[in-house]
Amino acid sequence: MSDVSDVVLQTSDLVRTFGGGRTLLGGKKPTVYAVRGIDVAVRKGETLGIVGESGCGKSTLARMLVGLDRPTEGNITLTGSDMNDLISDDRHALSKRIQYVFQDPISSLNPRKLIRETLAAPLRYLRGLSGDALEARMKELMDAVNLRPEFLDRYPHEFSGGQAQRIGIARALAAEPEIIVLDEPVSALDVSVQAQVLNLLSDLKDQFGLTYIFISHDLSVVEAVSDRVAVMYFGRVVEQAPGRALFEKPRHPYTRLLLDSAPVPGKRGLTVEDATAELPDPLAPPPGCAFAPRCSRAQDDCVAKVPDAHYGLDNHDAACFHPLNPVTTR
Amino acid sequence: MTSNTATASEIKTKKRSARPSAFKLLARNQLALMGAVILALVVLIVLITPILPLPDPDVTNPAQRLLPPFSDGHLLGTDHLGRDLLSRLLWGTRVSLAVGISASLVAALFGSTIGIVSGYFGGRTDNIMMRGIDMLMAFPYILLALAIVAALGPGLMNALYAIAVVNIPFFARNIRGVTVGIAHREFVDAAKLSGKGHIRILLTEILPNVMPVIVITISTTVGWMILETAGLSFLGLGAQPPQADLGSMLGEGRKLITTAQHLSAIPGAMIFILVMSINLLGDGIRDVLDPRLKSGALARPAPLTKIDRSDQGTSNQIADETVLAVDDLRTEFVLGDDTYKAVGGVSFDVGKNECVGLVGESGSGKSVTALSLLGLVASPPGTIVGGRVMFDGKDVYDMTENQVRDIRGGKAAYVFQDPLSTLHPLFSIGDQLVEAIRAHNAVSYRDAWAKAVKLLGMVRIPNPESRANNYPHQLSGGMRQRVGIAMALANEPRLIIADEPTTALDVTVQAQILKLMNDLRTDHGTSVLFITHDFGVVSEICDRVAVMYAGRIVEMGTTEQVLKHPAHPYTKRLIDCVPRLGEPDRRTSAIPGLPPAVNNLPAGCAFADRCDRAEEKCRVGSIAFDDLGDGHGVRCIKPMEGANV
Ligand SMILES: Nc1ncnc2c1ncn2[C@@H]1O[C@H](COP(=O)(O)OP(=O)(O)OP(=O)(O)O)[C@@H](O)[C@H]1O
Ligand code: SF4
Ligand code: SF4
Ligand SMILES: [Mg+2]
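Bear in mind that the values here come from a model prediction, so they are computed numbers and not experimental data.

### As for the overall build of chain B
Looking only at helices and strands, chain B has 22 helices and 13 strands in total. Its C-alpha radius of gyration of 34 Å places chain B more than 25% over the 26 Å reference for a compact globule of 645 residues. Seen through its C-alpha atoms, chain B measures out along the principal axes to roughly 110 × 65 × 60 Å. Scored against the burial criterion, the 645 residues of chain B give a buried share of 50%.

### Some details on helix α7 (residues 156–183) of chain B
Helix length check: α7 of chain B (28 residues) gives 39 Å between terminal C-alpha atoms against 40 Å at 1.5 Å per residue, within 8%. The sharpest bend along α7 of chain B comes to roughly 35 degrees, located at Asn167 of chain B, with the proline Pro169 of chain B sitting one to four residues further on.

### Quick word on the site of ligand 3
Taken together, His568, Pro569, Cys605, Phe607, Ala608, Cys611, Arg613, Ala614, Cys618, Cys636 and Ile637 of chain B form the complete shell of residues around ligand 3. Looking at side-chain class alone, the shell around ligand 3 contains nine nonpolar, one polar and one charged residues.

### Observations concerning the pairing of strand β10 (residues 228–233) of chain A
Consecutive side chains of a regular strand alternate in pointing toward one face of the sheet and then the other. All names here are of chain A. The buried fraction of β10 is high, at six of six residues. Every second residue of β10 is oriented toward a common face, with Arg228, Ala230 and Met232 on one face and Val229, Val231 and Tyr233 on the other, all of them buried. Pairing of strand β4 (residues 47–51) with β10 involves four bridges; the strand directions are parallel. Along β10, the bridge assignment pairs Val51 with Val231. Pairing analysis gives six bridges linking β10 to strand β11 (residues 236–242), with the strands arranged antiparallel. Bridge pairing in β11 links Val229 to Ala241. The turn joining β10 and β11, which pair antiparallel and follow one another in sequence, is formed by two residues; a positive phi near 50 degrees is taken by Phe234.

### A short note on the sheet that holds strand β9 (residues 527–532) of chain B
Residues and elements named next belong to chain B. The mixed open sheet is built from eight strands, whose spatial order is β7-β8-β9-β4-β10-β11-β13-β12. Each edge of the open sheet is held by one strand with a lone partner, namely β7 (412–415) and β12 (626–627). Two strands pair when backbone bridges link them, and β12 and strand β13 (residues 633–634) are joined in this way by two bridges, in the antiparallel orientation. Residue pairing for β13: Asp626 is matched across the bridge by Val634. Contacts between helix α13 (residues 366–373) and the sheet are confined to β4 (355–359), β7, β8 (495–499), β9 and β10 (544–549), with β9 contributing the most and set at about 150 degrees to the helix. Contacting β7 and β8, helix α18 (residues 477–489) crosses the sheet at an angle of about 170 degrees to β7.

### Let's talk about the site of ligand 2
Around ligand 2 sit 13 residues, and of these Cys289, Cys295, Cys302, Cys320 and Phe321 of chain A come closest. Residue classes in the shell around ligand 2 are distributed as ten nonpolar, two polar and one charged.

### Remarks on the interface of chain B and chain A
For interface size, the figure often reported is the accessible area lost on association. At the interface, 70 residues of chain B touch 72 residues of chain A. For the pair chain B and chain A, the summed buried area comes to about 6100 Å², and 55% of that belongs to carbon and sulfur atoms. Summed over the shared surface of chain B and chain A, the number is three salt bridges. The partner of Arg244 of chain A in a salt bridge is Asp585 of chain B, and the shortest N-O contact between them spans 3.0 Å.

### As for the pairing of β11 of chain A
All names here are of chain A. Judged by how many residues are buried, β11 sits mostly within the fold: five of seven residues are covered. Looking at chain direction, β11 and strand β12 (residues 317–318) are connected through two bridges and run antiparallel. Opposite Gln240, over in β12, you have Asp317 as the bridge partner.

### Looking at the packing of helix α4 (residues 85–121) of chain B against helix α11 (residues 262–289) of chain B
Residues and elements named next belong to chain B. Two elements in contact, α4 and α11, have axes separated by 11 Å at closest approach and are oriented at 35 degrees. Where α4 crosses over α11, the handedness of that crossing is right-handed. Here Leu85, Leu89, Thr93 and Leu97 of α4 lie close against α11, whose contacting residues are His262, Leu263, Ile266, Pro267, Met270, Leu274 and Ile278. Within the contact of α4 with α11, the residues separate by chemical class into nine nonpolar, two polar and no charged.

### Some words on the confidence of the model for chain B
All names here are of chain B. With 93% of its residues at a pLDDT of 70 or more, chain B shows a mean pLDDT of 86. Here residues 1–18 is a poorly scored stretch, pLDDT under 50, and it has 36 contacts once near neighbours within four places are set aside; other chains count. For this predicted complex, the interface confidence reaches an ipTM of 0.90, while the overall pTM sits at 0.84.

### Considering the sheet that holds strand β8 (residues 179–183) of chain A
Residue and element names in this part refer to chain A. Spatially, seven strands are ordered β7-β8-β9-β4-β10-β11-β12 in an open sheet, and the strand pairing comes out mixed. Edge positions in the open sheet fall to β7 (98–101) and β12, since each of these has one partner strand only. Each of β7 and β8 is contacted by helix α6 (residues 161–174), which is oriented at about 175 degrees to β7, the strand it contacts most.

### So, helix α19 (residues 507–524) of chain B
Over its 18 residues, α19 of chain B runs 25 Å from end to end, which matches the ideal 26 Å to within 8%, given 1.5 Å per residue. Looking one or two residues beyond α19 of chain B, the residue adopting positive phi is Gly525 of chain B, at roughly 65 degrees.

### Some words on the pattern of salt bridges
All names here are of chain B. For the structure shown, the criterion picks out 45 salt bridges over all chains. The partner of Asp398 in a salt bridge is Arg309, and the shortest N-O contact between them spans 3.2 Å. Taken together, the residues Asp398 in the loop between β6 (394–395) and α14 (401–407) and Arg309 in the loop between β1 (306–307) and β2 (322–335) connect sequence positions 89 residues apart. We classify Arg309 as buried; its relative accessible area is 17%. Note that Lys617 is salt-bridged to Glu615, the shortest N-O span being 3.9 Å. Given a relative accessible area of 30%, Glu615 falls into the partly exposed group.

### Description of the nonpolar core
Membership of the largest hydrophobic core comes to 66 residues, with the highest contact counts inside it found for Leu456, Ile485, Met517, Phe530, Ile541 and Tyr570 of chain B. In this view, Leu456 of chain B contacts Ile429, Leu433, Ile461, Pro464, Ala468, Val483 and Ala486 of chain B; residues no more than four positions away in its chain are not counted.

### Focus: the layout of surface pockets
When its volume is computed, the second largest pocket comes out at roughly 1100 Å³. If you trace the second largest pocket, you find 47 residues lining it, with Ser187, His217 and Asp218 of chain A together with Thr503 and His533 of chain B closest to the centre. For the lining of the second largest pocket, the secondary-structure elements that each account for two or more residues are α1 (58–66), α7 (191–208) and α8 (219–225) of chain A together with α19 and α20 (535–541) of chain B. Here the lining of the second largest pocket is composed, by residue class, of 19 nonpolar, 18 polar and ten charged.

### Some points on the packing of aromatic side chains
Residue and element names in this part refer to chain A. Enumeration over the complete set of coordinates arrives at twelve aromatic pairs over all chains. A ring pair is formed by Tyr254 and Phe291, whose centres lie 5.4 Å apart and whose planes are at 65 degrees; its orientation type is edge-to-face. One end of the pair, Tyr254, is in helix α10 (residues 253–261); the other, Phe291, is in the loop between α10 and α11 (300–304), with 37 residues separating them in the sequence. A relative accessible area of 3% places Phe291 in the buried class.

### A word on unusual backbone geometry
All names here are of chain B. Note that the residue after Pro241, namely Pro242, is joined by a cis bond; omega there is 5 degrees. Take Pro242: it is sitting in the loop between α9 (198–234) and α10 (246–255). Despite not being glycine, Asn353 shows a phi value in the positive range, around 65 degrees. Along the chain, Asn353 falls in the loop between β3 (338–351) and β4.

Calculation notes
Residues numbered from 1 in each chain as written. Chains lettered and ligands numbered in written order. Predicted model: local features only at pLDDT ≥ 70, side-chain atom pairs only at ≥ 80, totals over all residues. Heavy atoms only, no water. Helix = DSSP H or I, 4+ residues; strand = E, 2+ residues; numbered from the N terminus. Rg over C-alpha atoms; globule rule 2.2 N^0.38 Å. Buried < 20%, exposed > 50% of the residue type's maximum accessible area, 1.4 Å probe, protein only. Expected span 1.5 Å × (residues − 1). Bend = angle between axes of the 7 residues up to and from the residue. Near = heavy atom within 4 Å. Nonpolar A, V, L, I, M, F, W, Y, C, P; charged D, E, K, R; others polar. Pairing = 2+ DSSP bridges. Contact = heavy atoms within 4.5 Å. Axes fitted to C-alpha atoms, helices over the stretch in contact; angles between N-to-C directions. Buried area = accessible area lost by both parts, 1.4 Å probe. Salt bridge = Lys/Arg side-chain N within 4 Å of Asp/Glu carboxyl O. Left-handed = near helix turned anticlockwise from the far one by under 90°. pLDDT = per-residue confidence, 0-100. Core = buried A, V, L, I, M, F, W, Y, C linked by side-chain atoms within 4.5 Å. 1 Å grid on protein atoms, 1.4 Å probe; cavity = no way out; pocket = protein on both sides within 12 Å on 5 of 7 lines; lining within 4 Å. Points joined across faces, edges and corners; volume = space filled by probe spheres on them. Phe/Tyr/Trp six-rings, centres within 6.5 Å; stacked < 30°, edge-to-face > 60°.

Here it is in structure tokens:
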């Protein structure tokens, strides 16, 4: 199974910091550690789910994957070619292979432009289409996302969130990418529309053989769509496993906490963490496990050293010295 | 997916412009209209000046010098060289207008280009460009213009350049500010990923969005620029004799001000008329194009929602234990020609110590219901058109403004989704709590502070003594929401109305806030109206729950009844369409289509277009709210089987 040759995207030791450097007077500017060393790999045709709470670095990671932001350290490889090479070869090479769907569907469409113009851009600039071929392809794309072709001649404010998100998806598809990074694609949508969009995404994946990187803070959505899941905390992946294993037998105490905090219809009695537990300071990351101040299993070794993990393509591992549900798969 | 037809018809029936058009808005502003008419007249006259039967403005005739107005052949008289004043005035106005407008356009072109480029690229580009602009601005305005003219030599064109240059910083700064806001919007990133280069993004994505601001800035500066040109000419640095412009005419008239006032009064009046009409029109244009003004944000809403009730509800008996009883509440918004029935007859009650949930999709009217309870809906455009809200046995809509204000934050308190909207950024949270306490109780500052610290402790803010001195921005989102709850608790309310208080929070923090609210209920006997769209949250905290759809309650019952045996097809499908943790294989079936717009509700059941059980009968009359027994009720003629178990 773990044939490395189907890996389409891989990151190694990806780091992104903001700020830093020196001020005019020579003082040090504070450095924010947004992403602190991420290794993930995605296989062709699978969905890698990434969960984590606000501020853990999910969107920073996503923006680096599509080239909207550049890593401070580490690198990203797309089926053998280094991303930096791809970008320097040809401005469009990267966008033809990996695309992005934004969280806020309405604000990802220019309010003063017809949908037609928005959707034509990737076809024209990335795929070199024009004239009738362009027109025909736009109709095909609208059809693929279940929208009527006459919607092309409307402005974004005339759409509901769900419809606008379908246009965002159509725009990503237009580039004919292998991989689509979905950054909270349904969080801004109403519950009844969320399911419409999730079902559409799953149909498109089968139809076009896409690979998804699905980022969300919503555990139940990630559980429903992902083959494998990575849990992020404070700029790092703290646990990664095939979806089923992670949700059934979480090994990192943080994953456990997340699962216990999510309300489930028909059930009562969430586990509640002590309110005084403090979050780590992104300006001064702790030397040991970032979760230690909130962790009930923390011991002396946790604050001394950063726990390490070995994330493969099919194994289950957690960056924790004293994990729950001790190792069964490796 | 089958949502195609429904969504298409929804968009089709939606009227394209709920808001009046820009032109109509402008015409409605009488001052701006007056400005436009005067300006149009002046422009028309100066445009046809060359073909008017007027004497040459520059031909001198010493024999006819200094004739007063209404002289024969010289309607406005003549100047000290005997030139016809009317002719000079019209030709002069022509020049002044042309110079003022050209200078504005030149300044707009260069200023906006600098602003857009530096706002879009940011970083070093921005730094260098803006420091240059700062240097221009460091000189006093008129001095800089004078220096430029001095360097280039006097003359009309040079005056134009000087004024344009002096105004570039104004445009650059304005436009840069707007561009920075736009350059970070997601659609710009999306354009990058669509393969557009920087130049293309600047021209086709950013510029169309910045254009209104450029127009506003031009329309508010033209008048000013005309004045400045006149100023330079007045000083003899602009138009050179014999050419006339308004400033130089004024300058010449000044020398004879004691003997022939009309020489300076006439160009002076023209400058006044011109600048005033341009400014009135400019203000009008700004009001129309500025989205904030358009949305009516500057219209001060009334302290209490306008109440214009056609009825006052129907039921009369209210149980003793009831804290809040809402009966057939109806709230509408009038925007343009549309009436939005945001709340279309909502009835429910909240008992002592009870937590009632109000669930529904976006736009179903949850928030408007909550705000209507204590008259907090903005008027205009909102009006409460019917029904009754009994709080503690008294009709809120019969109370005076002061009585209602006394209840707000006193016996009934709100907690909103975004705590920042209720916390003032410039006061410490302790001070704000003290303020809230002292608004309703006559206690000393020191006692109130002590109580504030106690409240912070109660909502589990670590280290309340020192945290009380913090400002809102120093707290995390979860802590701010806890402060929001502490504010609500300040005066031991009997009822807390919480509108999606945890929606913006992470799950771990949400769990803490839910627990906190539950504890308050058990410890203090507070009642809660909890608005949410999440059935998981409902299960966690609510005793009873009402499901809203298109402004009405479609199902109500205990949490168990509604979640385990939903009677309304909408409730059932709403529960089923959310993925549930621990059940990855459960099929989530989407509800096709969209909810109807509340300004265009169908007859009969509002859910009929999306309901797979719908039949003819569902689309006629109004569907009644039926009692299924044991406090479970549903607004559906064919409730789901097994519902009334
Ligand atoms: N100030 C206003 N002016 C005009 N219409 C309004 C105003 N406030 C609300 N509405 C309309 O009233 C209807 C109900 O809105 P409301 O905010 O109550 O929905 P909601 O159920 O709270 O939705 P959400 O889940 O998005 O908070 C909507 O159609 C909305 O557009
Ligand atoms: S390493 Fe230690 S502190 Fe960190 S999660 Fe594991 S047990 Fe807790
Ligand atoms: S009244 Fe008819 S259309 Fe409405 S929910 Fe019931 S069955 Fe469906
Ligand atoms: Mg709301």
